[in-house]
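# Report on the structure
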Amino acid sequence: ELKVEQNPLFLSMQEGKNYTIYCNYSTTSDRLYWYRQDPGKSLESLFVLLSNGAVKQEGRLMASLDTKARLSTLHITAAVHDLSATYFCAVDMGDNFGNEKLTFGTGTRLTIIP
Amino acid sequence: GAGVSQSPRYKVAKRGQDVALRCDPISGHVSLFWYQQALGQGPEFLTYFQNEAQLDKSGLPSDRFFAERPEGSVSTLKIQRTQQEDSAVYLCASSLGTQNNSPLHFGNGTRLTVT
């Protein structure tokens with residue numbers, strides 16, 4: 001059974017600081033996704049990582065994937081308040097017929113303090 | 001363009017009642033998924049459709065849960081004889097499905113509370 005673990009579960013950080021969220025998973029996969037969820041809202045896709053060594057950046061967020069270590073990271077640079085949200089990683093264990101069956105981590109609740 | 005639309009937004013049911021949750025996916029999206037998200041947890045896979053075919057229902061927690069997508073567009077998740085443990089947010093997601101790198105687009109969910 002695939003397990004996806006995120007670390008930390010809760011993160012409170014000051015504006016302007018840098019931090020990294022970690023996502024470990026237990027079985028082989030080369031497709032990993034990062035989503036953001038605001039309270040009471042749906043999940044918004046942030047990054048799609050499709051191969052070992054993939055790195056993607058959008059604004060103050062950068063995601064990377066190491067399939068050999070079964071590890072993905074989400075790095076936050078110079079945090080600002082509007083990045084406060086819960087961040088989920090999700091691993092795709094789907095089949096070859098396009099079933100993007102995702103297993104989600106438990107999420108990291110990020111709070112940016114002014 | 002319109003995103004994934006779910007209704008109702010909130011549903012309160014008494015224990016033992018049946019409920020039906022609706023999902024309108026993005027037009028043209030072949031794949032449709034239902035996920036269950038308990039409070040403070042990540043979403044958990046329930047079932048998957050490719051057009052009208054239900055290809056994977058391995059995540060449905062019991063035979064009280066039933067999903068359909070008869071015309072390959074709108075989908076309904078039905079829960080019979082609701083129990084308190086069914087209380088959660090039910091998320092619908094759709095994707096193009098033709099490429100394995102397309103992200104899922106999620107709806108805002110239906111928050112079900114069973115009293």
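What comes next concerns the included structure. (Residues numbered from 1 in each chain as written. Chains lettered and ligands numbered in written order. Predicted model: local features only at pLDDT ≥ 70, side-chain atom pairs only at ≥ 80, totals over all residues. Heavy atoms only, no water.)

## Quick word on the layout of surface pockets
We apply this condition: The distinction between a cavity and a pocket rests on a 1 Å grid over the protein atoms alone: a 1.4 Å probe fits inside a cavity but cannot get out, while a pocket stays open yet meets protein on both sides within 12 Å along at least five of seven lines, and a residue with an atom within 4 Å of a point counts as lining. Grid points are joined across faces, edges and corners, and a volume is the space filled by probe spheres set on the points. Each helix is a run of H or I in the DSSP string that is no shorter than four residues. Each strand is a run of E no shorter than two, and both are numbered from the N terminus. Each residue receives one of three labels: charged for Asp, Glu, Lys and Arg, nonpolar for Ala, Val, Leu, Ile, Met, Phe, Trp, Tyr, Cys and Pro, and polar for the others, Gly being one of them.
Of the pockets and cavities examined, the largest pocket occupies roughly 620 Å³. Lining the largest pocket are 30 residues, and of these Gln37, Thr86 and Arg109 of chain A together with Gln37 and Gly40 of chain B lie nearest its centre. Only β9 (85-92) and β11 (108-113) of chain A together with β9 (88-95) of chain B provide two or more residues apiece to the lining of the largest pocket. When residues in the lining of the largest pocket are grouped by element, the largest group, 4 residues, is from β11 of chain A. Taken together, the residues of the lining of the largest pocket break down into 12 nonpolar, 13 polar and 5 charged. In this structure, the second largest pocket encloses a volume near 370 Å³. Forming the boundary of the second largest pocket are 17 residues, of which Glu1, Leu2, Thr103 and Phe104 of chain A together with Glu44 of chain B lie nearest the centre. For the lining of the second largest pocket, the secondary structure elements donating two or more residues are β1 (4-7) and β10 (102-104) of chain A together with β5 (44-50) of chain B. Of all the elements, β10 of chain A adds the most residues to the lining of the second largest pocket, at 3 residues.

## Describing the interface of chain B and chain A
The condition is simple: By the convention used here, residues are in contact when the closest approach between their heavy atoms is within 4.5 Å. Here the quantity called buried area is the total loss of accessible area, with a 1.4 Å probe, experienced by two parts when brought into contact, counted for both. For salt bridges, the criterion is a side-chain nitrogen of Lys or Arg within 4 Å of an Asp or Glu carboxyl oxygen. Here a polar contact means two N or O atoms within 3.5 Å. Within protein one must be a hydrogen donor candidate and the other an acceptor candidate, and residues neighboring in sequence count only if both atoms are side-chain atoms.
Between chain B and chain A, the residue contacts involve 26 residues of the former and 22 residues of the latter. Note on chain B versus chain A: buried area summed over both sides is about 1900 Å², and carbon and sulfur give 49% of it. Where chain B meets chain A, there are 1 salt bridge. Notably, a salt bridge pairs aspartate 56 of chain B with lysine 101 of chain A, separated by 3.2 Å at the nearest N-O pair. Where chain B meets chain A, there are 8 residue pairs in polar contact (both at pLDDT 80 or more). Of all elements in the fold, only β4 (31-37), β5 and β9 of chain B reach the threshold of two or more residues within the side of chain B that touches chain A. It is β4 of chain B that contributes the most residues to the side of chain B that touches chain A, 4 residues altogether.

## Structural notes on the state of the cysteines
Residues and elements named next belong to chain A. Note the following rule: Cysteine sulfurs are considered disulfide-paired once they come within 2.5 Å of each other. Here the term buried applies to any residue with accessible area under 20% of the maximum for its type, exposed to any over 50%, and partly exposed to those in between, with areas from a 1.4 Å probe on protein chains only.
According to the stated counting rule, one finds 2 disulfides over all chains in the structure shown. Between the sulfur atoms of cysteine 23 and its disulfide mate cysteine 89 the distance is 2.0 Å. The sign of the S-S torsion, about 80°, decides the handedness of the disulfide formed by cysteine 23 and cysteine 89: right-handed. A residue pair is termed long-range when its members are at least 10 positions apart, and cysteine 23 in strand β3 (residues 19-25) and cysteine 89 in strand β9 qualify at 66 residues. Looking at cysteine 89, the relative accessible area reads 0%, which means it is buried.

## Brief notes about the environment of glutamate 44 of chain A
Residues and elements named next belong to chain A. Within the fold, glutamate 44 resides in strand β5 (residues 43-49). Glutamate 44 gets classed as partly exposed once you look at its relative accessible area, which sits at 43%. Taking the C-alpha atoms as reference points, glutamate 44 and tyrosine 87, separated by 43 residues in sequence, lie 9.5 Å from one another. Once you skip the residues sitting within four places of it in the chain, glutamate 44 turns out to touch Trp34, Tyr35 and Arg36.

## Quick word on the sheet that holds strand β7 (residues 65-68) of chain B
Residues and elements named next belong to chain B. Selection criterion: Only strands joined by at least two bridges in the DSSP assignment are considered to pair. Here an axis means a line fitted to C-alpha atoms, over the contact stretch when the element is a helix, while the angle between two N-to-C directions is reported on a 0 to 180 degree scale.
Judged by pairing direction, the sheet is antiparallel, and its 4 strands sit side by side in the order β1-β3-β8-β7 without closing on themselves. The open sheet is flanked by β1 (5-7) and β7, the only strands paired with a single partner. Going from strand to strand, the sheet's axes swing by 15° on average, the running direction of each strand aside. In this structure, strand β3 (residues 19-24) lies alongside strand β8 (residues 75-79), joined through 5 bridges in antiparallel fashion.

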